[in-house]
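Below are the chains, spelled out letter by letter.
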Amino acid sequence: MTSEGKEPVVRITTFRPELAPAFDRLNRAWIASRFTLEPRDEEYLGDPQGHVIDQGGEIFFALRGDQVVGTCAAIPTGDGVIELAKLAVDPVAQGRGLGRALAEAAIGFARSRQARRVMLVSNSTLVPALRLYSSLGFQQLPFPGPRPYVDADVYMELTLAPNPPADQGSSA
């Protein structure tokens, strides 16, 4: 039970098959409102289990009570790189730090997998998202290859510090 005037606490959780429709719904809504849903979007949204989870990735969800109000995927791309992708927060829940919490969960996942870098693609019109990514340490760089989406005109990377070696004890 919550106190009068207070919103329910939001918690971040990981993928469960019953949450897949919310991953689709939230991402489909924001992408379709600003851009064109591309075949690659349809693949990820239509089968997050096969395209993210079964590939060694994770999908995070922001839950307010039992309602999904945000989501973000962490997708291994090979060579020690994790892609932060499909970050979406319900418009009614925006401005409350949920995008940051979801992105931090994806970065934490990358660290737990000893990834060297986290990368993302975005669009220059998504100014609040780009500010968020910059505040998390992402740097804008030239695309390293072909753009994966027609509307993607921003490529960013976050270099993760290597894990320090375990304490080997002192040598005499």
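Here goes a summary of the coordinates provided. Keep in mind that what you see is a predicted model, and the values were worked out from it rather than measured.

**Points about the packing of aromatic side chains**
Point 1. Summed over all chains, the structure comprises 5 aromatic pairs.
Point 2. Note on Phe 143 and Tyr 155: the rings are 5.7 Å apart at their centroids and 50° apart in plane angle, and the pair reads as tilted. Of this pair, Phe 143 sits in the loop between β6 (139–141) and β7 (154–159) while Tyr 155 sits in strand β7, and the two are 12 residues apart along the sequence.
Point 3. A relative accessible area of 5% means that Tyr 155 is categorised as buried.

**Focus on the pattern of salt bridges**
Point 1. Under the criterion given, the structure shown has 9 salt bridges.
Point 2. Between Arg 25 and Asp 90 there is a salt bridge; the shortest N-O distance is 4.0 Å. Here the residue Arg 25 occupies a position in helix α1 (residues 20–34), and Asp 90 occupies one in the loop between β4 (81–89) and α4 (98–112), the gap between them amounting to 65 residues.
Point 3. Exposure remark for Arg 25: the relative accessible area of 40% places this residue in the partly exposed category.
Point 4. A salt bridge links Glu 157 to Arg 117; its shortest N-O distance comes to 2.6 Å. In this pair, Glu 157 is assigned in strand β7 and Arg 117 in strand β5 (residues 117–122), connecting sequence segments 40 residues apart.
Point 5. Look at the salt bridges and you will find they share partners, linking Asp 24, Arg 28 and Glu 42 into a network.

**Examining the sheet that holds strand β3 (residues 67–78)**
Point 1. Taken in spatial order, the 7 strands line up as β1-β2-β3-β4-β5-β7-β6 in an open sheet, and their pairing is mixed. The two strands at the open ends of the sheet, each matched to only one other strand, are β1 (10–14) and β6. Averaged over all pairs of adjacent strands, the angle between their axes in this sheet comes to 30°, without regard to strand direction.
Point 2. In the sheet, β6 pairs with β7 via 3 bridges, with the strands oriented antiparallel. Note on β7: the bridge partner recorded for Leu 141 is Tyr 155.
Point 3. Of the strands in this sheet, β2 (58–64), β3 and β4 touch α1, which is tilted by about 90° from β3.

**Some points on the side chain of Thr 13**
Point 1. Take Thr 13: it is sitting in strand β1.
Point 2. Leave out the neighbours within four places in its chain, and Thr 13 touches Leu 19, Ile 59, Phe 60, Phe 61 and Leu 63.

Criteria and cut-off values
Residues numbered from 1 in each chain as written. Predicted model: local features only at pLDDT ≥ 70, side-chain atom pairs only at ≥ 80, totals over all residues. Heavy atoms only, no water. Phe/Tyr/Trp six-rings, centres within 6.5 Å; stacked < 30°, edge-to-face > 60°. Helix = DSSP H or I, 4+ residues; strand = E, 2+ residues; numbered from the N terminus. Buried < 20%, exposed > 50% of the residue type's maximum accessible area, 1.4 Å probe, protein only. Salt bridge = Lys/Arg side-chain N within 4 Å of Asp/Glu carboxyl O. Pairing = 2+ DSSP bridges. Axes fitted to C-alpha atoms, helices over the stretch in contact; angles between N-to-C directions. Contact = heavy atoms within 4.5 Å.

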